[in-house]
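Residue-level structural notes
So the chains spell out like this:
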Amino acid sequence: EAQAAADTHYGEAVDIIRDPDVLDTWFSSALWPFSTLGWPEETPELAHHYPTSVLVTGFDIIFFWVARMIMMGLNFRDEVPFKDVYIHALVRDEKGQKMSKSKGNVMDPLVLIDEYGADALRFTLTALAAQGRDIKLSTGRIEGYRNFVTKIWNAARFTQINGCTPVAGFDPAACTLTVNKWIVGETAKAGADIVSALENYRFNEVAQVGYRFAWNQFCDWYLEFTKPILQDGSEADQAEVRATTSWVLDQLLKYMQPIMPFVTQELWVQLAPPEGRDGLLMLESWPALGDELRAPDAEDEMAWVVRMVSEIRTVRSEMNVPPSAELPLTLTGASDSTITRLETHKNLLARLARLGEISISNTVPAGAVQVIVDEATAALPIGDVIDVAQEVARLQKEIGKVDGEIAKIEKKLTNESFIAKAPATVVEEQRSRADDYRQSRTKLSEALDRLSTL
């Protein structure tokens, strides 16, 4: 082809010669693991750093780069350059399209960092980096994880306002309050899950565990559970809560430091004890929290509180109960242990679930919505706080709308022409939307079924 092109260009047969000084594009890259360390000289750096342990790369250059580094390492060093290869996802736009200037869908990381912060972007990419699946990046996702970073920041501010500072020699295993035993155990469990995920290169699971522990267990539940103690508890209970809160937050900062290094470092300094802290958070020892910190009884008890509050909140939301309305709660079919838990946490349940009178009975009161929590039935009379007929009509109307959306999508998905012509990402998006609508319909139907019994 080159000869024909040359002859055409010059209008006659010419002699052409291949350049003798050309290497394969990836030749120098194949030498990278040892050429950067002083090879072919036997330098101290080469002896210390070769071989390394992990290579991080994309799947599109496994043959061009990874395989060639291995072959060169075996040839020149008699040893492979790394033992593990982490094949990361490729970053695409929110529709799954490859980013390209011509498409105008490129997202500049520097611009994103200026708008949302480096930690939010890092956490987003980590949370979405599931093995075997590309990352569909959008500003909405980054904004959501920026809210998570802000959540941790605000939680730290809350602990400062309430005088939670590190206590020298604090022993989390010595906690006496059930709520503190619970959060200490959950902290240890989260740490074990994060270590397992890190060791198996499942970085998205690291982010998910950290997110769930920080947002749900620590911020949404533990800080809410302990507010009454910080306000009205005994001096000893308040001191234990403050010390525990500070300890848990310190462990959380260590867990999150690899993913959000800037905010965690800043908080590490700000939350230091009066004598201060030496060095960087990244140089601190990783938390070594064993199973001895787990407290199964406390974890079961507080998990019951979480379930009870969550179920009642769900009913209130589904039934459009005004936030200010305090509903009476009647528990039927409760075991002795559940009754004991109810008595212990009655005030907490009333505050978090907006309840009025709480009682135990053998019969369900008339006009009550019922939800099952473990073996017991929680009955909530709502007839006096909502218009049942109006609420039934509203739910039926919502179900009709959802049914219409499901029918539209199913019509598309059963259209062979649409399936054949539409991009795979569009088809998958439609299926995902259909699943979301079906889940919404299930919830609406459950709410309607509850009202039909009144």
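Our subject is the structure that appears above.
Read on for an overview of the structure. (Residues numbered from 1 in each chain as written. Predicted model: local features only at pLDDT ≥ 70, side-chain atom pairs only at ≥ 80, totals over all residues. Heavy atoms only, no water.)

With omega at 15 degrees, the peptide bond leading from Trp39 into Pro40 counts as cis. With respect to the element layout, Pro40 can be found in the loop between α3 (32-35) and α4 (44-49). With an omega dihedral of 0 degrees, the bond running from Tyr50 to Pro51 counts as a cis peptide bond. The topology assignment puts Pro51 in the loop between α4 and β1 (54-58). Although it is not a glycine, Asn320 adopts a positive phi angle of roughly 60 degrees. Among the residues examined, Asn320 registers a relative accessible area of 42% and is labelled partly exposed. A positive phi angle, close to 55 degrees, is found at Arg354, a residue other than glycine. Along the polypeptide, Arg354 turns up in the loop between α15 (346-353) and β6 (355-360). (Helix = DSSP H or I, 4+ residues; strand = E, 2+ residues; numbered from the N terminus. Buried < 20%, exposed > 50% of the residue type's maximum accessible area, 1.4 Å probe, protein only.)

Note that Thr57 resides in strand β1. For Thr57, the residues in contact, after removing those within four places along its chain, are Trp65, Val66, Val85, Tyr86, Ile87 and His88. (Contact = heavy atoms within 4.5 Å.)

A full pass over the atoms with the stated rule returns one cavity of 30 Å³ or more. Considered as a void within the structure, the largest cavity measures approximately 40 Å³ in volume. Around the largest cavity, the lining residues are Thr159, Cys164, Pro166, Ser246, Leu249, Asp250 and Leu271. A per-element tally of the lining of the largest cavity places helix α11 (residues 235-256) first, with three residues. For the lining of the largest cavity, the class distribution of residues is four nonpolar, two polar and one charged. (1 Å grid on protein atoms, 1.4 Å probe; cavity = no way out; pocket = protein on both sides within 12 Å on 5 of 7 lines; lining within 4 Å. Points joined across faces, edges and corners; volume = space filled by probe spheres on them. Nonpolar A, V, L, I, M, F, W, Y, C, P; charged D, E, K, R; others polar.)

The next point concerns the pattern of salt bridges. Counted according to the given criterion, the structure contains 18 salt bridges. Its salt-bridge partner being Glu343, residue Lys346 comes within 3.5 Å of it at the nearest N-O pair. With a closest N to O distance of 3.1 Å, Arg438 and Asp435 form a salt bridge. Taken as a pair, Arg438 and Asp435 lie in helix α18 (residues 424-452) at a separation of three residues, close to a single helical turn. The structure contains a network of salt bridges with shared partners spanning Glu224, Lys227 and Arg351. (Salt bridge = Lys/Arg side-chain N within 4 Å of Asp/Glu carboxyl O.)

Let's shift gears to α11. Residues three or four positions apart in an α-helix share a direction because the helix packs 3.6 residues into each turn. The terminal C-alpha atoms of α11, which comprises 22 residues, lie 32 Å apart, in line with the 32 Å expected from a rise of 1.5 Å per residue. Buried residues dominate α11, accounting for 17 of its 22 residues. (Expected span 1.5 Å × (residues − 1).)

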